[in-house]
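Report on the structure
The primary structure of each chain is shown beneath.
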Amino acid sequence: MDKMGLGSETMKRSANYLSTSDHASVVAIALFVTLLCACIVIGHLLEENRWMNESITALIIGVVTGILILVTSRGKSSHLLVFSEDLFFIYLLPPIIFNAGFQVKKKQFFRNFMTIILFGALGTLISFIIISLGAIAFFERMNVGLAIGDYLGTRLFPAIGAIFAATDSVCTLQVLSQDETPLLYSLVFGEGVVNDATSVVLFNAVQNFDLSDLSAGVAIKLLGNFIYLFISSTVLGVVAGLLSAYIIKKLYFGRHSTDREVAIMMLMAYLSYMLAELFYLSGILTVFFCGIVMSHYTWHNVTQNSRVTTKHTFATLSFVAEIFIFLYVGMDALDMEKWRVVSDSPKTSLSVSATLLGLVLAGRAAFVFPLSFLSNLTKKSEKIDFKQQVTIWWAGLMRGAVSMALAYNQFTRDGHTQLHGNALLITSTITVVLFSTVVFGLITKPLVRLLMPGTPMSFVVPLLGESQDSVSELFDDNEALETRGEGRNLVRPSSLRMLLTTPTRTVHYYWRKFDDSFMRPVFGGRGFVPYVPGSPTEQSMHNNWWHGEAEM
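An account of the accompanying structure is given in this report.

The rules we used
Along each chain, residues carry numbers from 1 onward, in the same order as the chain's sequence is written. Reporting in this predicted model follows two pLDDT cut-offs: at least 70 for local features of residues, and 80 or more for side-chain atom pairs to be given and counted; totals over whole chains, interfaces and linings ignore these cut-offs and use all residues. Water and hydrogen atoms were dropped before computing side-chain values, which therefore reflect all heavy atoms in the structure. A helix here means a DSSP run of H or I that spans at least four residues, while a strand means a run of E at least two residues long, and both kinds are numbered starting from the N terminus. For the purposes of these results, a polar contact is taken to be a pair of N or O atoms within 3.5 Å, where, inside protein, one atom must be able to donate a hydrogen and its partner to accept one; residues adjacent in sequence count only when each atom of the pair is a side-chain atom. In this analysis, the expected span of each helix is defined as 1.5 Å times one less than the number of residues it contains. Each residue is placed in one exposure class: buried if its accessible area under a 1.4 Å probe, protein chains only, is under 20% of its type's maximum, exposed if it is over 50%, and partly exposed if it falls in between. Along the arc lie the directions from the helix axis toward the C-beta atoms. Contact between two residues is taken to exist if any of their heavy atoms lie within 4.5 Å; hydrogens are not considered. For this analysis, a salt bridge means a side-chain nitrogen from Lys or Arg found within 4 Å of a carboxyl oxygen belonging to Asp or Glu.

1. Some thoughts on the side chain of R520
Inspection of the secondary structure assignment puts R520 in helix α20 (residues 503–523). Side-chain polar atoms of R520 contact the side chain of H296, separated by 3.4 Å.

Structure representation (structure tokens):
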């Protein structure tokens, strides 16, 4: 009987403990959701402000909330949730990157594709090398207590280079407008997506390769690993997008339920990201190209109601995830556990942060201006002038959640650390992220207006209603095309001359022919979905009949 009494008492205590723990979780989540609502309301009120945006607002609210929690808990804690790289990479980043690919102006993106790859891959590598070598040089002189010559040092400093070479593509969405500055947006954001993938590849390579004896063989392996990762991730995203288009085109879920159409699009988009992670590929690249393919084929295969629903659903999920990330980072920035470890050396912590920030500035400048010059040599039009180069350099200086996630992966265990060197680098990463996001983010919009005051608003076409370039738009160069008479008899040069004089537009032209002849008849798309009751064309045909009756 006594044993039974003790057992029941233990069960009661466990139940009370669990209920207390559950209640604390509910309180934390409720407060966090309240803060998300506050960020949206305040961001709306500051919509016309030339300095602020939602990301900076969320970051500041997160920091202020962290201070209040720190005061009320008497210095024990500053956050509601502990920063988790799994939460960031698995749940928050996919909807943001997918929506960016889903909404991106595809013609503008692919027209600058080679420049984007040049900046995102080669540029990130240059920045990685400069930050890594600079960290070794400066930290050795500063005597910050980090091992430099041993085996740990050969992995530590390249890891620092990979962490701080990662730009914040999420913040780019907030500070640049796709409609006001389409060229800058496509270059900076496209570079950011490739940059994030490249930085993660470099970071993983640092963990997997012994860089203490860097040789030509190791360098070739790194290059081969990146090329394999880039191609495989892109192909997986394209295949997932095409598969979703084919399934929806053949099965016509909309005959019975638009919910199924929306659900299959969302789940297959997320599945592409998880498959990439499962096969150790780049989920960022995969879900980005999956978004592009879905907007080109799948979106046109669903019913009109599903088109409106998916458009707003993807945009809303992305928006909430962005606000969540910045609020999350802002609250975690005041984690006292890490700041206490470095509290005995505030000057060293400040010096390390300033050094890393300087290396970020230098590393980005080292590739933006030279690679822009090389890119301009291959272009006849849409060259990147010096003012645009300055804007691209500045807009890519912000560091965000990718840097934070990689830093936590390298320097903490389950978000905690008591080692002085690790705590020093974590707090320095937090400082750089906060400073670059707030200061550089605040100045970017005014800088764009200052450097390009006459930037016209681009013609805003209906979302995802990609207009086709006519042949005259693709080859409007006098040497490439002549338009004569009212009949617009188009005289095109030979294929070889087209490829040599206008390579990008030539590829676009032949891709369109291939797309219209082979891809769209199989996978659907605008104008290529056959009429079936309940199919996406039923509504449009009904509308056409209705307008015809009205005119008669």
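Okay, back to it.
2. Looking at helix α10 (residues 258–278)
Compared with an ideal rise of 1.5 Å per residue, which puts 21 residues at 30 Å, α10 spans 30 Å between its outermost C-alpha atoms and is within 8% of the ideal. Among all positions in α10, only E261, V262, M265, M268, A269, S272, Y273 and A276 are buried. Looking straight down α10, one finds that the buried residues subtend no more than 135° of arc, so they occupy a single side. Exposed residues pointing more than 90 degrees away from the buried face of α10 are listed as D259, L267 and L278. Along its buried surface, α10 packs onto α3 (85–103), α9 (216–251), α11 (283–301) and α12 (304–332). The positive-phi residue at the C-terminal boundary of α10 is Y280, with phi of around 60°.

3. Digging into helix α8 (residues 182–208)
Over its 27 residues, α8 runs 38 Å from end to end, which matches the ideal 39 Å to within 8%, given 1.5 Å per residue. Burial analysis of α8 places 22 of its 27 residues in the buried class, which makes it a mostly covered element.

4. A look at the pattern of salt bridges
According to the stated counting rule, one finds 3 salt bridges in the structure shown. The residue R520 makes a salt bridge to D515 at a minimum N-O spacing of 2.9 Å. Across this residue pair, the class does not change: R520 and D515 are buried. Overall, the relative accessible area of 3% leaves R520 in the buried class.

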